[in-house]
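Spelled out from the first residue to the last, the chains are:
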Amino acid sequence: MIISNLNSSIPAPDGIDRKVTERMSFLNTVADHVPVILVNEETMDRICPPGIGYDAHCVRELLSQYYQEKKLADAKDYPGKPEETERIWDRIVEKCRHVVFSAIGVYTENIPPVLLGIDLKDTGIGKKNSETIWETIENNSRKVVYLCPERVMEEALEISKKPQNPFDDIFLYIIFHEYTHAFITKGTNLKKYESVIEESLAAAVAYQRFSTSSEIYNISRFLSNDKLPAEYRSFTFWTEISRALPLIAIVDKWKRGDLAFSVVGMDFDDFLISSDLFLEYGFAHFRRFNDSKGEESMLENLAIRVLMHA
Ligand SMILES: [Zn+2]
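Here is what the cut-offs are and how they apply
In every chain, residue numbers begin from 1 and rise along the written sequence. Confidence filtering applies because this is a predicted model: local features only for residues at pLDDT of at least 70, side-chain atom pairs given and counted only at 80 or more, and all residues used for totals across whole chains, interfaces and linings. Only the contacting stretch of a helix is used when fitting its axis, a line to C-alpha atoms as for every element, and angles between N-to-C directions run 0 to 180 degrees. Secondary structure elements are taken from DSSP: a helix is a run of H or I of four residues or more, a strand is a run of E of two residues or more, and numbering for both begins at the N terminus. We call two directions roughly parallel when the angle between them is under 35 degrees, roughly antiparallel when it is over 145, roughly perpendicular when it lies between 65 and 115, and oblique otherwise. Crossings are assigned a handedness: left-handed for a near helix turned anticlockwise from the far helix by less than a right angle, right-handed for a clockwise turn. Our contact criterion uses C-beta atoms placed from the backbone: two residues qualify when those atoms are within 7 Å. Gly falls in the polar group here, along with every residue not listed as nonpolar (Ala, Val, Leu, Ile, Met, Phe, Trp, Tyr, Cys, Pro) or charged (Asp, Glu, Lys, Arg). With C-beta atoms placed from the backbone, a residue is buried if 20 or more other C-beta atoms are within 10 Å of its own, exposed if 12 or fewer are, and partly exposed between those counts. A pair of strands is labelled paired if DSSP reports no fewer than 2 bridges between them.

Caption draft 1: Spatial organisation of the packing of helix α7 (residues 149–159) against helix α8 (residues 164–184). Where α7 meets α8, the closest approach of the two axes is 8 Å, and the angle between their N-to-C directions is 130°. Looking at the two axes, α7 sits oblique to α8. Taken as a pair, α7 and α8 cross one another with a handedness that is right-handed. The residues of α8 that touch α7, namely those facing Pro149, Val152, Met153, Glu155, Ala156 and Ile159, are Pro166, Phe167, Ile170, Phe171 and Ile174. Residue composition of the contact of α7 with α8, by class: 10 nonpolar, no polar and one charged.

Spelled out as C-alpha cells, the structure:
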C-alpha cells in the first residue's frame, strides 16, 4: 500500500502498512492502486463537506409506529407491497435524515489540486512534498483514499484517555472502509437508499478485518457512538446475512448490481437458510416486486431493513 502525509499534524501509526497487508483479503486489488493520503480537518472538509445521515432512534420509532398503525402483531414483518415500501422510505428520509457528521475518511476519484490546497506554481516551503504527493495521486488516476488522523484521534480519545490503541484500530478501520468503496466503484452519486446499503456494507467489511478482543472492543465502541449516523452502525445486518452468503459475495453482487435479488426475500430472522431456500425466497420476492416498481422498491426495502439494525 501507499501512504503519504499531505498536511496532517498526526502521522500514521507505526507498522500500519504491514497490518493492512496482512488483513486486506479481497481488497488487495485496491490497496496497490489507491494511495492513502493523510490530510488535516480543513482539507478534509474541502474534499468532502459534512454530510447528513439517519437517526437510528427516529427510524425505529417511525417503523414501530407504522406497524402499530397497521396493527401487525409481528413487528418483524417488514413492508411488503412496493407502494408501502415507497411510502415508508419517503417518511424515513423526510423525518429521520438529520444527523450531521464530518468525514473521517473518504474515497474519491477526481479531486483537483486546488481542493487539496496544493498550488503547483507555489515556490514556498512544502512545495516538494506537495508535488511528490500530487505525482502519486496522478500516477494512480486520481483514485485516492483521504484520511484525517486528527478526527481519528478525536474518536480514540472518546474511547480511552490512553488513545494509542483505539487510534491505531480506528485508523485501520477507516482504511478498510474506504478501500471497500474503492473496490465497489459505484461512485459518489448514489441514490439515498443505495448510499445506506453501501455505507453499511463498507462498515461490515471493515469490521470483519478485526479479530482480537481489544480491537473488537475499540471498533465496537467507535461504531456505537450515538453521533454516528445509523447507516454506519447498522453493519450487523450484513454480519447476519453473511452467515448464509459470504461478505465477499455480497459485496461483489452489490458491485455488479444484482444484490437485491438475493437478499430482500431472505427470512434471516429465523435463520433457517440454506442456499436453495435463499434463492427461492429471493426470486419469489423479486417476481412480486417486478410487477410494479421492481428493483428500486427492493432496494428501498433493503435499506429499511439495514437501518433497523442500528
Ligand atoms: Zn463510507
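Caption draft 2: Geometry of the pairing of strand β6 (residues 144–147). Of the two faces of β6, the one lined by Val144 and Tyr146 and the one lined by Val145 and Leu147 are each fully buried. Pairing of strand β2 (residues 36–38) with β6 involves three bridges; the strand directions are parallel. Counterpart to Leu38 in the pairing with β6 is Leu147. Where strand β5 (residues 105–108) meets β6, four bridges bridge the pair, whose relative direction is antiparallel. Its bridge partner being in β6, Gly105 is matched across the sheet by Leu147.

Caption draft 3: Spotlight on the packing of helix α9 (residues 192–207) against helix α16 (residues 295–307). Direction vectors running N to C along α9 and α16 enclose 45°, while the axes themselves pass 8 Å from each other. Here α16 runs oblique to α9, going by the angle between their axes. Here α9 runs over α16; the crossing is left-handed. For the pair α9 and α16, contact is made by Tyr193, Glu194, Val196, Ile197 and Ser200 and by Leu299, Glu300, Leu302, Ala303, Val306 and Leu307, respectively. Along the lines of polarity and charge, the residues of the contact of α9 with α16 split into eight nonpolar, one polar and two charged.

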